[in-house]
Structures are given as structure tokens and as C-alpha cells.
Amino acid sequence: MSRACGKIILFGEHAVVFSKQGVALPVQNFFTEAAMQKSDYFSCSPDRILSEQEKQKLNMLVEFVFSELNLREDVQVSIKSTLPMSSGFGSSASLSVALIRECSRFFRLKLSKNMINSLAYRCESIFHSTPSGIDNSVIAYEKPVYFHKKPKVLELEKPLEFVVANTGKRPDTATVVKEVRRKSIIKDYMKILSEIGSVAEQSKKHLIKGDNEKVGMLMNKNHLLLKRLGVSSPRLDLFCEVAVQNNAYGAKLSGAGKGGNMIALVDQHSRENIMKELSHLSDQVIFIRVSS
Ligand code: PMV
């Protein structure tokens, strides 16, 4: 059996699609597991009920991975996942990485992390037409990643603590990415995307040092830029306000936006209260600790 974690984007969502900078973190609270065993015929069974479209995508993914790795298909593949789908925790990238790791284990391919990451990137195109590559990277390396066209693992001096709250259903990533792409031909919008990239770039040194004040300030700035880009929502704005009013260092939407997750940087003093206040508004509030 092989396992892959989830992820959350801390800085630079949307900007990374336009080759600007971003930062993503591994989330160990959730995982995907893939297990293979010998069989006379091929089968792939997920542990949850999938729509016809999701089934089709899962089959395409497995076929693609097997054909890229030149594998025989007389195996049974079972997939188990605790990752909520379309919620910004990287369910598709986690599925791809778990499956590729399991192929590597079962067929003794000894794939390196770089090889797993590069194949997982190509798999991501099955789910999202123009993936930036940040999701598959953070999950393949299971470390905080600074991403500028390619991933660079960040070695944090201190662990970072976050509260993540889900604001509710959101459009799928590809739909929001397409909307932003349409807007990006307007000069002002491209300027916003560049500013987001620059915020992500500035965050790198503060993240490594564990300077919560500076990281939080940049998170607030990033949220305002995403709001100007048109990918926030009234609930995302409200969740950020609640977190900051209750002493979070900073807060922002995370992922494609228009719903989905809000992420707030907290510490041991503010964490409980922030979680309590957000629990009045959301039925999915989680605590995440990230270290290198
Ligand atoms: O919503 P998520 O967590 O799938 O993140 C999407 C991040 C984008 O930058 C909007 C797209 C991408 O491919 O990086």
C-alpha cells in the first residue's frame, strides 16, 4: 500500500498559473491510499461513490499512468481517500501521487521523487486543463514548497500553525482558472497577478525564519489582491475578518476561490478561540501544523 498527503496553498494561487511565484504546504490531516494486488483481470475500485464523470477521470488516470510506465494491467487497484473532493486540499494530485507510488512499489520501479512529481504533473492535466504544477510538487515532496516554474523545498526553522475553515461549495478549479485567464488579457489584472507573485516571493524568507507577524501581514495583502482579482466571496471575506479579529496573524482564501477554504495563521494562544468562532460559521474547521 502507498499513501500520499493533501495540500493547501498559502500564497500565490492563480499567479502560479501565469508562471509567477507561489507557496504550498503539505497537509497530513488527510490522505489517499492506493493498494495493488495480483489478479487475472484488471479492476480499479474506489472507496467512495463517484459520478460518471469522476469514474471516467479515474479510469483515464489509471490507464495513463500504466501506459506511461509501460505496465501490464493484470492487477486489482483499490483506492481509499479521506480527502474531501473539490475543496482545495489537492484530492486529484494526492490520488495521482498515491497511485504512482504504488506502481513504483508493486512493480519495483524505484521511481525517484522527481520522477513521481513529473508524472503526477502530467496526470494533473487530466483533471485541470492548465495546472501550474504546485499541487503535485508539494504532495510529491511532502514538504513546504516555494514554486516558481519549478519547486524548491523550504526548510522551516520553526513549525507553523494554521486554522483552515471551509466556506462551502465552490466551482471546480478549471472553471475559476478559465475566468481568471479571460481577465488576464486586461493589463490591470495581469498587474494584480504579478503583485501576488511578489507577495509570495517576499514570504519565503519570513516563512523560513518563522516570523509570524510578517507572514500574516503578507497573507492579508494576498487576500486583498485575490479579492481585486474577483475570486473571493462574501463568506471568504467574513471568515478572514473573524480570524483576524480574533488575533490571527493573517488570513486569506486558499485555492481557486469563490468558495472553498480560508486559511489563517495562528499560534497556541489564539488557535482555540479562532476555531471556536469559525465553528459557528462552518462545519469543517481544522487545525494544521506544518514543519520541515
Ligand atoms: O483550488 P485548488 O486548491 O485546486 O488550487 C488551485 C490553484 C490554482 O493556482 C488556482 C490553479 C493551479 O493550477 O495552480
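Only a predicted model underlies this, so the values are computations on that prediction, with no experimental measurement involved.

Student: Would you explain the layout of surface pockets in this entry?
Tutor: A probe as big as a water molecule, rolled over the atoms, marks out the empty space that is left. What the largest pocket holds in volume is close to 1,000 Å³. Surrounding the largest pocket, 47 residues form its lining, S86, S91, S92, F127 and H128 being those nearest its centre. Of all elements in the fold, only β1 (2–11), α1 (52–68), β4 (75–81), α2 (91–106), α3 (113–127), α4 (134–141) and α5 (173–183) reach the threshold of two or more residues within the lining of the largest pocket. In terms of residue count, α5 provides more of the lining of the largest pocket than any other element does, 5 residues in total. For the lining of the largest pocket, the class distribution of residues is 16 nonpolar, 19 polar and 12 charged.

Student: Which parts of the structure should I look at to understand the sheet that holds strand β7 (residues 160–166)?
Tutor: By way of backbone hydrogen bonds, the strands of a sheet pair with one another, either parallel or antiparallel. Here we have 4 strands laid out as an open sheet, ordered β8-β9-β7-β10, and antiparallel in their pairing. The open sheet has two free edges, formed respectively by β8 (250–254) and β10 (285–290), since each of these has just one partner strand. Direction aside, neighbouring strands of the sheet carry axes that sit 25 degrees apart on average. Strand direction decides the pairing type here: β7 and strand β9 (residues 261–266), joined by 6 bridges, are antiparallel.

Student: How should I be thinking about helix α6 (residues 187–209) in this particular structure?
Tutor: For an α-helix, the turn length of 3.6 residues means that residues three or four places apart are oriented alike. Over its 23 residues, α6 extends 35 Å from the first C-alpha to the last, a length consistent with the 33 Å expected when each residue adds 1.5 Å. The sharpest bend along α6 reaches about 30 degrees and sits at S203. For α6, the complete set of buried residues consists of I192, L193, I196, G197, V199, A200, S203, H206 and L207. In this structure, the buried side of α6 is in contact with β1, β2 (22–38), β5 (145–148), β7, α5 and α7 (212–229). Looking at the residues trailing α6, positive phi occurs at G210, about 75 degrees.

Student: In this structure, what is going on with the pattern of salt bridges? I would like to understand it.
Tutor: Think of it this way: side chains of opposite charge can pair up when their charged atoms draw near. All told, the structure shown has 13 salt bridges when counted by the stated rule. The residue E13 makes a salt bridge to K252 at a minimum N-O spacing of 2.9 Å. Within this pair, whereas E13 is found in the loop between β1 and β2, its partner K252 is found in strand β8, the two being separated by 239 residues in sequence. For the pair shown, E13 and K252 are each scored as buried. Across the pair K227 and D237 runs a salt bridge whose closest N-O atoms are separated by 3.5 Å. Of this pair, K227 sits in helix α7 while D237 sits in helix α8 (residues 234–245), and the two are 10 residues apart along the sequence. A relative accessible area of 44% means that K227 is categorised as partly exposed.

Student: Whenever I open this one, the site of the ligand confuses me. Can you help?
Tutor: In the vicinity of the ligand there are 16 residues, among which K7, H14, S132, R170 and A256 approach most closely. Contacts to the ligand include H14, whose backbone N or O atom sits 2.9 Å from an oxygen atom. Between A256 and the ligand, the recorded distance is 2.8 Å, taken from a backbone N or O atom to an oxygen atom. Taking 380 Å² as the accessible area of the ligand by itself, protein coverage stands at 95%. A majority-of-atoms criterion places the ligand in the largest pocket. Contributions of two or more residues to the shell around the ligand are made by β1, α4 and α5.

Quick notes on the rules
- Residues numbered from 1 in each chain as written.
- Predicted model: local features only at pLDDT ≥ 70, side-chain atom pairs only at ≥ 80, totals over all residues.
- Heavy atoms only, no water.
- 1 Å grid on protein atoms, 1.4 Å probe; cavity = no way out; pocket = protein on both sides within 12 Å on 5 of 7 lines; lining within 4 Å.
- Points joined across faces, edges and corners; volume = space filled by probe spheres on them.
- Helix = DSSP H or I, 4+ residues; strand = E, 2+ residues; numbered from the N terminus.
- Nonpolar A, V, L, I, M, F, W, Y, C, P; charged D, E, K, R; others polar.
- Pairing = 2+ DSSP bridges.
- Axes fitted to C-alpha atoms, helices over the stretch in contact; angles between N-to-C directions.
- Expected span 1.5 Å × (residues − 1).
- Bend = angle between axes of the 7 residues up to and from the residue.
- Buried < 20%, exposed > 50% of the residue type's maximum accessible area, 1.4 Å probe, protein only.
- Contact = heavy atoms within 4.5 Å.
- Salt bridge = Lys/Arg side-chain N within 4 Å of Asp/Glu carboxyl O.
- Near = heavy atom within 4 Å.
- Polar contact = N/O pair within 3.5 Å; in protein donor to acceptor, adjacent residues only side chain to side chain.
- Areas by Shrake-Rupley, 256 points an atom, 1.4 Å probe, with all protein chains shown as cover.
- Sits in = over half its atoms within 2 Å of the grid points.

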